[in-house]
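Examining the three-dimensional arrangement
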Amino acid sequence: MLKDEDRRILRYLQSDPTLSHAELAERTRLSPQSITRRIARLEEVGILKGVCARIDWQKLGYSVEVSLRFTLDKTQPRAFDEFLDAARSVPEVLEMQTFLGRVDVRLSVIARDMAHYQEVYRDRILTLPHIAEIEALMHVARIKSEEALPI
Amino acid sequence: MSDLDDLDRKLLTALAHDARQSAGALARRFGVSQPAAWRRIKRLQEAGILAGRRLMLDADKLGYGVTVFLGIKLATKGRVSLDDFERAVSAIPEVQTVEHVLGLYDYRLRVVARDLPDFERILRRRIMTLPGAGEVEANVLLSEERRPGPLG
């Protein structure tokens, strides 16, 4: 379904989402009309979902980032829904993922410093429902972060 | 500049949701002049708070039906340099993110694959053969949600 031309457009856009249609046309050697038409179609079929800005939370004073991995009490039939609903109300949670594996849910949590993290952890995280076990991985450095797909 | 005001926070939230909105459109939405909105956005960029953009693609529709989070422990700390491991793991196209962490594992990876057999191939041929790679834990992603964070 995806033509070579579409892949080329997505590759360029993925490495630089600020490229204009004119710049894309020049790099892919396609006509500007063809770029406009192809991008419209990629959006229409839902492949291209948009462009979002990245926020650097460290620059905003959030120096602590922790990946919290939970196993939930699965004897509770609504454990996942209730846990995720409650986690949504914690502002310091940036990401929530559910898994098939040893870990059930992962939350990415940020805090201003360790004292603030301890406060968030004790008051907002440990009080989430249906937790069976928690493990923490403390963020040290981002080595690769573009989150690109190998198109 | 961590002393953001209300307009900064609104602009960050709006742009994190859709970075293609123009300063003019944002200015109208938040009831400020276009130059004022433009200056704020520029200031947030210069401070590094607005740190670039990310294209949002539907991995599933592009044929990547499986996403796996990996925890990797280095087996031979000291003997293999972290640089060698980091360089080799970052060069694998299916590896989307690499994060150095402290705790049960040394690295956290986000990996995409076409399907589970494809993932097994990447795991065996590319990940397990990395210099220094020891214990590996894999969790297959079922659902994901990104939250706006503490801006509101």
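The structure displayed is predicted, hence computed values, not measured ones.

Thresholds applied
Residues numbered from 1 in each chain as written. Chains lettered and ligands numbered in written order. Predicted model: local features only at pLDDT ≥ 70, side-chain atom pairs only at ≥ 80, totals over all residues. Helix = DSSP H or I, 4+ residues; strand = E, 2+ residues; numbered from the N terminus. Rg over C-alpha atoms; globule rule 2.2 N^0.38 Å. Contact = placed C-beta atoms within 7 Å. Pairing = 2+ DSSP bridges. Axes fitted to C-alpha atoms, helices over the stretch in contact; angles between N-to-C directions. Nonpolar A, V, L, I, M, F, W, Y, C, P; charged D, E, K, R; others polar. Domains from an automatic or database assignment. Parallel < 35°, antiparallel > 145°, perpendicular 65-115°, else oblique. Left-handed = near helix turned anticlockwise from the far one by under 90°. Buried ≥ 20, exposed ≤ 12 C-beta atoms within 10 Å, placed from the backbone.

Looking now at the overall build of chain B. Across its full length, chain B carries five helices and five strands. In terms of C-alpha radius of gyration, chain B reaches 20 Å, well past the compact-globule figure of 15 Å for 152 residues. Once the C-alpha set of chain B is aligned to its principal axes, its extents read approximately 55 × 40 × 25 Å. If you take every contact in chain B between residues at least 6 apart in sequence, the share linking residues at least 24 apart comes to 62%.

The next thing to look at is the sheet that holds strand β4 (residues 107-113) of chain B. Pairing within the closed barrel is antiparallel, and its eight strands lie in the order β2(A)-β4(A)-β3(A)-β5(B)-β2(B)-β4(B)-β3(B)-β5(A). Pairs of neighbouring strands in the sheet enclose a mean axial angle of 35 degrees, with direction left out of account. Two elements, strand β5 (residues 131-144) of chain A and strand β3 (residues 95-102) of chain B, share five bridges in a ladder whose sense is antiparallel. Looking at β3 of chain B, one finds that Met138 of chain A is bridged to Leu102 of chain B. Contacting β2 (64-72), β3 (93-100) and β4 (105-111) of chain A, helix α4 (residues 79-88) of chain A crosses the sheet at an angle of about 170 degrees to β3 of chain A. In this fold helix α4 (residues 82-90) of chain B packs onto β5 of chain A together with β2 (66-74), β3 and β4 of chain B, with an angle of close to 155 degrees to the strand it touches most, β3 of chain B.

Our focus in this paragraph is the interface of chain A and chain B. On the chain B side, the residues contacting the 52 residues of chain A number 56 residues. Counting only elements with at least two residues in the side of chain A that touches chain B, the list comes to α1 (4-15), β1 (48-55), β3 and β5 of chain A. A per-class count over the side of chain A that touches chain B returns 28 nonpolar, eleven polar and 13 charged.

To continue, consider the domain arrangement of chain B. Domain annotation of chain B identifies domain 1 (6-46) and domain 2 (60-140). Domain 1 of chain B and domain 2 of chain B are separated by 37 Å when their C-alpha centres are compared.

Attention shifts here to the packing of α1 of chain A against helix α2 (residues 21-28) of chain A. Residues and elements named next belong to chain A. Two elements in contact, α1 and α2, have axes whose closest approach is 10 Å; the angle formed by their N-to-C orientations is 120 degrees. Accordingly, the angle class assigned to the pair α1 and α2 is oblique. In the crossing of α1 with α2, the sense of the turn from one axis to the other is right-handed. Along its contact with α1, which presents Glu5, Arg8, Ile9 and Tyr12, the element α2 presents Leu24, Arg27 and Thr28. Taken together, the residues of the contact of α1 with α2 break down into three nonpolar, one polar and three charged.

Before going further, it helps to spend a moment on the pairing of β4 of chain B. All names here are of chain B. Within β4, six of the seven residues are buried, leaving the element largely enclosed by the surrounding structure. Bridge count for β2 against β4 is seven bridges, and the pairing is antiparallel. Each bridged residue has a counterpart across the sheet, and for Ile72 the counterpart in β4 is Tyr107. Of the strand pairs in this sheet, β3 and β4 are connected by five bridges, and their pairing is antiparallel. Bridging from a neighbouring strand, Val95 pairs with Val111 of β4. Between β3 and β4, which pair antiparallel and follow one another directly, the connecting turn spans four residues, one of which, Gly103, has a positive phi of 145 degrees.

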